[in-house]
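Spelled out from the first residue to the last, the chains are:
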Amino acid sequence: MDTRQAHPRVMQGVRRRDLLKAGLAAGVTLSVWPLHRPQVLWAEESGPPKRGGILRVWGSDPPHFDPHLILNAKTHNALSFVHSTLVRHTVGPEVSPGTFMVEPHLAERWEALDDTTYVFYLRKGVTWHNRPPVNGRELVAEDVKFTFDRFRAETGNAARYLLESVDRIEVVDRYTVKFLLKEPYVWLVDVLANPIMWIIAPEVVQQFGDLKRAESAIGTGPFLLERYEPNVKTVFKRNPDYFRQGQPYVDGVEWVVVEDASAALAMYRSGQLDCGPASWWSVRQEDLESVHKTHPHLKFQDFLSTVSHAIYMRTDQAPFNDVRVRRAISHAIDRQAIIEAVWIRGEPTPAISRGLAEWSPRIDELGAGAKYYQHDPQEARRLLTEAGMPKGFKTHMVTTGGFGGGRLVTDAAQLAQRYLKEVGIEAEIKIQEYGAYMATTDKGKFDGMAFAPVSNAWEPDSVLYGLYAPDQLRNRGHVNDPKLTAMLKEQRRTKDREARKQLIFDLQRYIAVQQYYVYLYCAGFTGSWYPYVKNYAPNTTYDYGGRSAALWLDR
């Protein structure tokens, strides 16, 4: 099957750095390439599973390993190899990127007895990793209760709001656990599938105190953590007692940290990495043409990221508490030009990334708020004058290169800085070390503005409620809007899916008018892998471990 994409001629000779140096050359339309979809399902060409081999892939170094003390992709990516969730998003080549179907995992089934009572029935015979202090004992309902009691009790857990509707969790019997809610919460099962809801063992917490150290990464997942070398690699080996029959097919995974993009690409070209050398195991857009030429046999699949990028501000402080200033910032930014110059592919996005298309309206569907997505420097200056700042103002904008996009994020921030300056806003860029950024700016501890990816959406509630509900750790912009809060709570209890979708679209229309966060774009990615990697296709969840367990190597 030929999965190569025919690239438009506009690609010839055009490079991201050239565009940056040229000050955003006009007329480049790379970001509107149609996304490539394979003509047939990858599963049709996989053949029967084969066991053995080591999967060597691009990875990242986690700040630490405690799932309840950080809401960070790098941590949860690594934990996905060793942990499991009650329910999960289906993995495999039949799943189109950006779709997240919920299926049983540690729970073999579940049922809603009424609007506020959910019962989960655990698989019998699931065992913890055969390591101290759990030593391969059976997973039981008490473990589930312990996990989510800790999840809800940890004040430093930025995702705690996801289960704030839960009143209590009860153990019915050894293999049955009941969630009793304070009020209806229609997203409960969906958020329990989010790849941050790892089930942990009480003995491990008792032994280690917190779970920040690598040796505490002991779960029920498909792999065991064999060796952790900070900023070098994490080595996982096959869990022979994994409860999903036959998996993992590979003997182990080497999760290799390669910060230099050129070095990572060279490793992929030479076969030292089995899948793409960047985020989501992709090939960077600026490298695609040459990789297609030199390695035409590789597999490629395009998709939009479910991560949205934005400028966020302290909306509880002047001048950002003035909606005219926020709208001026939005008008100042040429989103399409930044996409073309830095990311090459992507799409301007509302509050929910366009990669999660079911819950994300197009910009032209945002009603009155759509106009604020237009690059209009004159209107930006008019709004600033109306707000009493005809000469603009000075501030600073925090960012970091520690995200998966690396320097692409800081390049984009610099272009945004240039656009802001054109309307009179002088934003001094402050580049933070990644750990410092996560400990401060990501938790809303900053002044002025910040430029970064702000969310990954597998369902809309976790993004919207986290970023906009008052007093939430994820509410980096310190937004407090009673009308918006009421809308958020209403969609959480609306059972009819179409009615809920309308509410979520209305929410995003209101958000577009208020511009509490100036949403910019979601990037376009091209996943890639060698043909011998079977039963695999990319998706934008942190569950690299689940995808790795389901694939096999035929070489």
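Residues numbered from 1 in each chain as written. Predicted model: local features only at pLDDT ≥ 70, side-chain atom pairs only at ≥ 80, totals over all residues. Heavy atoms only, no water.

Engineer: Describe the packing of aromatic side chains, with residues and values.
Structural biologist: Pairs of aromatic rings are described using the distance from one ring centre to the other and the angle between the two planes. One pass over the structure, following the stated rule, counts 30 aromatic pairs. For the pair W187 and W359, a centre-to-centre distance of 5.3 Å together with 70 degrees between the ring planes defines the contact as edge-to-face. Residue W187 is found in the loop between β7 (176-181) and α4 (188-192), and its partner W359 is found in the loop between β13 (346-348) and α10 (377-386); the two are separated by 172 residues along the sequence. Measuring from ring centre to ring centre gives 6.1 Å for F303 and F525, while their planes differ by 15 degrees; the resulting arrangement is stacked. Of this pair, F303 sits in strand β11 (residues 299-304) while F525 sits in strand β17 (residues 517-529); the two residues are 222 residues apart in sequence, bridging distant segments of the chain. Here the two residues F303 and F525 agree in accessibility, since each one is buried. Feature note: the residues F81, F223, F236, W255, W280, W281, W529, Y536 and Y544 constitute an aromatic cluster, connected by ring pairs. Above the ring of W187, the side-chain terminus of R500 is found at 4.6 Å from the ring centroid. Looking at R547, its charged tip hangs above the ring of Y544, at a distance of 4.8 Å from the centre. (Phe/Tyr/Trp six-rings, centres within 6.5 Å; stacked < 30°, edge-to-face > 60°. Helix = DSSP H or I, 4+ residues; strand = E, 2+ residues; numbered from the N terminus. Buried < 20%, exposed > 50% of the residue type's maximum accessible area, 1.4 Å probe, protein only. Lys NZ or Arg CZ within 6 Å of the ring centre and 35° of its normal.)

Engineer: Give me the lowdown on unusual backbone geometry, citing residues and values where you can.
Structural biologist: Cis geometry marks the peptide bond from P132 to P133, where omega comes out at 5 degrees. The residue after A318, namely P319, is reached through a cis peptide bond having omega 0 degrees. Along the chain, P319 falls in the loop between β12 (307-313) and α8 (323-332). The backbone phi angle of D471 is positive, close to 65 degrees, even though this residue is not glycine. Structurally, D471 is set in the loop between α13 (460-468) and α14 (482-492). Phi at N535 is positive, roughly 60 degrees, even though this residue is not glycine. Its relative accessible area of 19% is what places N535 among the buried residues.

Engineer: Describe the side chain of S353, listing the residues and the values that go with them.
Structural biologist: Mapped onto the elements of the fold, S353 is located in the loop between β13 and α10. Residue classification places S353 among the buried residues on the basis of a relative accessible area of 1%. With near-sequence residues (within four places) excluded, S353 lies in contact with S305, T306, V307, S308, S360 and C522. (Contact = heavy atoms within 4.5 Å.)

Engineer: Can you explain the pattern of salt bridges? Please cite residues and give values.
Structural biologist: Enumeration over the complete set of coordinates arrives at 35 salt bridges. For R56, the salt bridge identified is with E254, shortest N-O distance 3.6 Å. Within this pair, whereas R56 is found in strand β1 (residues 54-59), its partner E254 is found in strand β10 (residues 252-257), the two being separated by 198 residues in sequence. For R56, a relative accessible area of 33% gives the class partly exposed. Of the charged contacts, one joins E286 and R284 as a salt bridge, the two residues approaching to 3.2 Å between their closest N and O atoms. Taken individually, E286 and R284 each receive the classification buried, so the pair is uniform in this respect. Counted as one network, the salt bridges with shared partners bring together D322, R324, E379, R382 and E386. (Salt bridge = Lys/Arg side-chain N within 4 Å of Asp/Glu carboxyl O.)

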